[in-house]
Amino acid sequence: MLAVTRAVPLKLLPFDNKNELQIMIDMPRGSTLEKTDEVARALGSYLATVNEVTDYQTYTGLAAPMDFNGMVRHYYLRSGGYVGEVRINLLPKDKRDQQSHEIALRIRPDIEQLGKKYGANLKIVEIPPGPPVLSDLVAEVYGPPEASIDSLIAVSKRVRIDMEKTEGVVDVDDFSEAQHDKMHFHLDREKAALSGISVAQVAETLRIAAAGQPVGIVHLDSERQPLEITLQLPRALRSSVADLLLCALKPGRAI
């Protein structure tokens, strides 16, 4: 009855005292790499004031090296300008008064405030004492075959609101995409055909300009590994719709 009445706290696996923590950064889809990096830098500035933190490493737009959590939660697959991660190293256990879980609880209010300030979804992730799971609490939403994706998203948002109102539940998130702008380039097929240019060529050129494409490697005496040569527009010319349109109007500036 001690466990049933909660007179004695009961937990299958106790919290482990690790020397590291992680903070996952999820921005609205479509956010720029610079905006995500701004959040990562703000987190770094705050972490520099936490006494138990010895150092930290930020990863913006790409995944950190795979670890125990990343293997099961698939963090190693995260990529894109709207995602980031901060790896935090703590003082050795014998040189701090609080365990890593207590430190995570202590800094959570400040982390949540930073998330609200920048419109980011921030999650404090600890290395579990046992096998990790996708999340401690997961709700899966299903509908009839004829249900639209919008209706499923609407139901999932209602479930999310209920979870956020539940005491003891934190870091609530869902897998739906936030509303974001999409650019559509309309090609004058007649003029393109007269110039001997196909739709596929135009699409491939735009993809290379924005995303880049490896075109070769170079060997330098000062580098242990060969360096990849990537063809891509400079960041200053591909950070906005206006920049891409300007390049389209002035092809000589493209590369």
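Parameters and conventions
In every chain, residue numbers begin from 1 and rise along the written sequence. Two thresholds apply to this predicted model, a pLDDT of at least 70 for residue-level local features and 80 or more for giving and counting side-chain atom pairs, whereas whole-chain, interface and lining totals are computed over all residues. Values reported for side chains reflect all heavy atoms of the structure, with hydrogen atoms and water molecules removed beforehand. A helix here means a DSSP run of H or I that spans at least four residues, while a strand means a run of E at least two residues long, and both kinds are numbered starting from the N terminus. The quantity called the radius of gyration is restricted to C-alpha atoms. Its globule counterpart is 2.2 Å times the number of residues to the power 0.38. For every residue, the accessible area (1.4 Å probe, protein chains only) is compared with the maximum for its type, and the residue is labelled buried under 20%, exposed over 50%, or partly exposed between those bounds. Contacts are assigned to residue pairs with any non-hydrogen atoms lying within 4.5 Å of each other. A cavity here means a set of points on a 1 Å grid, drawn over the protein atoms and nothing else, where a 1.4 Å probe fits but cannot get out; a pocket is an open set with protein on both sides within 12 Å along at least five of seven lines, and a residue lines either one if it has an atom within 4 Å of a point. Grid points are joined across faces, edges and corners, and a volume is the space filled by probe spheres set on the points. At least two DSSP bridges between two strands are needed for those strands to be called paired. The axes are straight lines fitted to the C-alpha atoms, using for helices just the contacting stretch, and the angles between their N-to-C directions are given from 0 to 180°. For this scheme, ten residues count as nonpolar: Ala, Val, Leu, Ile, Met, Phe, Trp, Tyr, Cys and Pro. Four count as charged, namely Asp, Glu, Lys and Arg, and the remainder, Gly too, count as polar. Joining through side-chain atoms within 4.5 Å is the link that ties buried Ala, Val, Leu, Ile, Met, Phe, Trp, Tyr and Cys residues into a set, and such a set is a nonpolar core. For every residue, the predictor reports its confidence as pLDDT, a number between 0 and 100. Within 3.5 Å is the distance limit for a polar contact, defined as a pair of N or O atoms, with the added protein rule that one can donate a hydrogen and the other accept it, and that residues adjacent in sequence qualify only through two side-chain atoms.

(A) Representation of the overall build of the protein chain within the structure. For the protein chain, the count of helices and strands is 7 helices and 6 strands. For the protein chain, the N- to C-terminal ordering of α and β elements is β-α-β-α-β-α-β-α-α-α-β-β-α. Its C-alpha radius of gyration of 24 Å places the protein chain more than 25% over the 18 Å reference for a compact globule of 255 residues. Per-residue burial for the protein chain yields a buried fraction of 28% across its 255 residues. Put simply, of all contacts in the protein chain between residues at least 6 apart along the chain, 62% involve residues at least 24 apart.

(B) Broad picture of the environment of G80. Structurally, G80 can be placed in the loop between α2 (68-73) and β3 (83-90). The spacing of G80 and L62 is 18 residues in sequence and 6.5 Å in space, taken between C-alpha atoms.

(C) Quick look at empty space enclosed by the protein. In total, this model carries 1 cavity of 30 Å³ or more according to the counting rule given. In this model, the largest cavity occupies a volume close to 30 Å³. Lining the largest cavity we find Q22, A64, P65, M66, D67, G70, Y75, Y76, E85 and R87.

(D) Structural detail: the sheet that holds β3. Taken together, 4 strands build an open sheet; the order of strands is β2-β3-β1-β4 and the sheet is antiparallel. The outermost strands of the open sheet, each flanked by one partner alone, are β2 (53-60) and β4 (121-125). If you compare each strand with its neighbour and ignore which way they point, the axes differ by 15 degrees on average. Running at roughly 175 degrees to β2, helix α1 (residues 33-47) makes contact with β1 (20-26), β2, β3 and β4 of the sheet. The strands that helix α3 (residues 100-118) touches are β1, β3 and β4; relative to β4, the one it contacts most, it runs at about 175 degrees.

(E) Molecular detail of the layout of surface pockets. A volume near 970 Å³ is recorded for the second largest pocket. Every residue lining the second largest pocket is counted, 22 residues in all, and those nearest its centre are G30, S31, T32, M183 and R238. Mapped onto the lining of the second largest pocket, the elements with two or more residues apiece are α1, α6 (199-211) and α7 (241-249). Here the lining of the second largest pocket is built from residues that sort into 7 nonpolar, 9 polar and 6 charged.

(F) Quick peek at the nonpolar core. Of all hydrophobic cores here, the largest spans 26 residues; its most connected members are I23, I25, V39, L43, I88, I111 and L122. Contributing elements (two or more residues each) for this core: β1, α1, β3, α3 and β4. Excluding residues within four positions of it along the chain, I111 makes contact with I23, L43, Y46, L122 and I124.

(G) Quick look at unusual backbone geometry. The phi torsion at H74 lies on the positive side, around 65 degrees, for a residue other than glycine. Structurally, H74 is set in the loop between α2 and β3. For D171, which is not a glycine, the phi torsion comes out positive at approximately 55 degrees. Position of D171 relative to the elements: it lies in the loop between α4 (149-164) and α5 (189-194).

(H) Main features of the confidence of the model for the protein chain. Mean pLDDT for the protein chain: 86, with 93% of residues reaching 70 or above. Between residues 251-255, whose pLDDT stays under 50, and residues either more than four places distant or in other chains, the model counts 7 contacts.

(I) How the structure looks around the side chain of D174. Topologically, D174 is positioned in the loop between α4 and α5. Among the polar contacts listed, one links the side chain of D174 to the side chain of K157, at a separation of 3.2 Å. For D174, the side chain forms a polar contact with the side chain of S176, separated by 2.4 Å.

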